Amino acid sequence: MPSLRLSRRVAATGAPPIPAARAWAARYQGGAGPMIDLTQAVPGYPPHPEMLERLASAAGSRACAGYGAIDGDLPLREALAADVSAFYGAEVGAGEVTITAGCNLAFTMAMTVLAGTGDAVLLPTPWYFNHRMALELLGVDALPFETRAEDGFVPDLERLEAALTPQVRAVVLVSPNNPTGAIYPREVIASIAAICRRKGVWLVLDETYRDFLPEDACPPHDLFQDPDWRDGVVQLYSFAKSYCIPGHRVGAIVGGGAFRAELLKLVDTMQICPPRAAQTALAWAVPALRDWRLANRGIMQGRAAAFRSAMQQAPEWRIDALGTYFAYLRLPAHAPDALRAAEILGSEHGLLTLPGPFFGPGQERHLRLAFANVEEAALAAVPDRLRLSAKVPA
């Protein structure tokens with residue numbers, strides 16, 4: 001019997017990184033103590049108790065069992081539009097907000113609107129691996145653009161403009177950044193937006209972690225104050241981190257004009273409607289839990305400080321970047337390359353990290369640690385486990 005064919009495009013796309021790390025963890029025998037998982041960016045504290053109550057109530061309601069609006073229920077779109085408007089000091093309406101079944105799907109649908117086969121999207125490296133995978137699955141070229149440790153992993157403007165080939169349809173910025181944690185300065189975002197406008201290229205801002213920005217970095221940009229922003233800017237947002245509900249899969253796209261008109265074709269085809277119960281709870285939570293969100297920002301800043309302090313016990317490991325949720329560590333010169341070091345850490349020393357090559361080319365000497373996942377006491381054990389892995393020959 002002849003073998004049945006599968007998609008060449010899917011076959012050519014690399015396997016997702018998180019399961020690889022889980023396989024390392026499965027081999028760990030527990031000798032160094034409890035597993036410390038610093039892979040996926042998951043909130044290291046529970047959702048607000050009233051949020052859980054409202055989720056439970058909505059999930060059990062008949063109203064939430066039916067279909068909803070394809071672009072999201074109006075109360076949540078209104079709540080997020082008001083929040084965005086207040087945060088950025090601009091006027092953004094509910095008609096420019098699309099609720100999605102998670103931010104990964106938001107990215108995939110936005111890219112489907114903006115680019116197609118034969119087109120390219122500029123992704124600064126190190127990049128968020130699911131962005132690269134989504135583009136490959138769509139047949140869009142993920143064009144890597146190197147950001148450098150000596151620049152704080154912030155894109156160099158002249159080099160970025162020079163990298164914009166005629167095939168590039170969009171530039172994607174993630175700030176605060178995943179995987180480095182870097183926060184792009186306002187003036188850099190403004191300059192990149194101006195370059196994109198001049199070149200006729202869309203700017204897509206993934207601001208999943210914007211609720212954890214330091215107070216002095218808020219707002220991170222003023223792009224929404226430009227009356228023409230709808231003709232060149234798209235923002236992606238996730239409720240997962242801010243409200244501790246990654247399992248409920250709720251994200252958002254802020255975009256208007258012709259982009260949103262085309263986007264509605266995608267949301268009807270790819271999601272029908274976002275999860276209803278979570279939308280109901282979030283419509284209350286966005287305004288009601290503002291102070292709670294601000295307090296959680298303080299928790300994350302405390303964990304960042306605790307991680308930096310703990311790493312003084314392992315000075316051979318250089319922190320090349322440390323920001324919202326993530327630290328990007330450079331391996332010592334005598335340590336194995338990142339893939340081997342991460343495998344050793346996970347399988348032998350009970351510290352799960354993600355190696356730099358998962359985040360694009362040229363990252364063989366880095367590990368990403370999502371320090372936000374665990375409490376400060378667990379972070380104190382990280383340096384000892386890092387040192388153990390660096391002793392193993394390549």
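Fair warning: this is a prediction, and the values are worked out from it, not measured in the lab.

Chemist: I keep staring at the nonpolar core and nothing clicks. Help me out?
Modeler: For soluble globular proteins, nonpolar side chains are generally found buried alongside one another. Grouped together as the largest cluster of nonpolar side chains are 99 residues, with contacts concentrated most on Met 51, Val 171, Leu 203, Phe 239, Tyr 243 and Phe 307. In terms of residue count, the dominant contributor to this core is helix H11 (residues 276–288) (seven residues). The contact partners of Tyr 243, leaving out residues within four places of it in the chain, are Pro 47, Met 51, Tyr 237, Leu 282, Ala 285, Val 286, Leu 289, Trp 292 and Arg 293. Ranked by size, the runner-up nonpolar core spans 27 residues in total, among them Phe 107, Ala 110, Val 172 and Val 267.

Chemist: I keep staring at the sheet that holds strand E5 (residues 168–174) and nothing clicks. Help me out?
Modeler: Remark on secondary structure: sheet strands pair via backbone hydrogen bonds, oriented parallel or antiparallel. Spatially, E2-E8-E7-E6-E5-E3-E4 is the arrangement adopted by the seven strands of the open sheet, whose pairing is mixed. Both outer strands of the open sheet, strand E2 (97–100) and strand E4 (141–146), are each paired with one neighbouring strand and no more. Neighbour to neighbour, the strand axes of the sheet diverge by 25 degrees on average, direction disregarded. When strand E6 (residues 202–206) meets strand E7 (residues 233–238), the two strands line up parallel, connected through four bridges. Bridge pairing links Leu 205 to Gln 235 in E7.

Chemist: How do you make sense of the layout of surface pockets when you look at a structure like this?
Modeler: One water molecule sets the probe size; rolling that probe over the atoms shows where empty space is left. The calculated volume of the largest pocket comes to roughly 470 Å³. Every residue lining the largest pocket is counted, 23 residues in all, and those nearest its centre are Ala 41, Asn 104, Tyr 128, Asn 130 and Lys 241. Within the residue set of the lining of the largest pocket, elements represented by two or more residues are helix H5 (103–114), helix H6 (129–138) and helix H9 (240–243). The element that contributes the greatest number of residues to the lining of the largest pocket is H6, accounting for three residues.

Chemist: Sorry if this is basic, but what is going on with empty space enclosed by the protein here?
Modeler: For the coordinates displayed, the defined rule picks out one cavity of 30 Å³ or more. If you go around the largest cavity, the residues you meet are Leu 123, Pro 124, Pro 126, Trp 127, Tyr 128, His 131, Val 172, Leu 173, Val 174, Asn 177 and Tyr 184. When contributions to the lining of the largest cavity are tallied by element, the ones reaching two or more residues are strand E3 (120–125) and E5. Here the element with the most residues in the lining of the largest cavity is E5; it accounts for three residues.

Chemist: Is there a simple way to explain the UniProt feature "domain: Aminotransferase class I/classII large" (unreviewed entry) in the protein in this structure?
Modeler: According to UniProt, the feature "domain: Aminotransferase class I/classII large" (unreviewed entry) maps to residues 35–382 in the numbering used here. Helix makes up 39% of residues 35–382 and strand 16%. Its end C-alpha atoms lie 11 Å apart.

What counts and how
- Residues numbered from 1 in each chain as written.
- Predicted model: local features only at pLDDT ≥ 70, side-chain atom pairs only at ≥ 80, totals over all residues.
- Heavy atoms only, no water.
- Core = buried A, V, L, I, M, F, W, Y, C linked by side-chain atoms within 4.5 Å.
- Buried < 20%, exposed > 50% of the residue type's maximum accessible area, 1.4 Å probe, protein only.
- Helix = DSSP H or I, 4+ residues; strand = E, 2+ residues; numbered from the N terminus.
- Contact = heavy atoms within 4.5 Å.
- Pairing = 2+ DSSP bridges.
- Axes fitted to C-alpha atoms, helices over the stretch in contact; angles between N-to-C directions.
- 1 Å grid on protein atoms, 1.4 Å probe; cavity = no way out; pocket = protein on both sides within 12 Å on 5 of 7 lines; lining within 4 Å.
- Points joined across faces, edges and corners; volume = space filled by probe spheres on them.
- UniProt positions renumbered as here; feature names shortened; annotations may be inferred.

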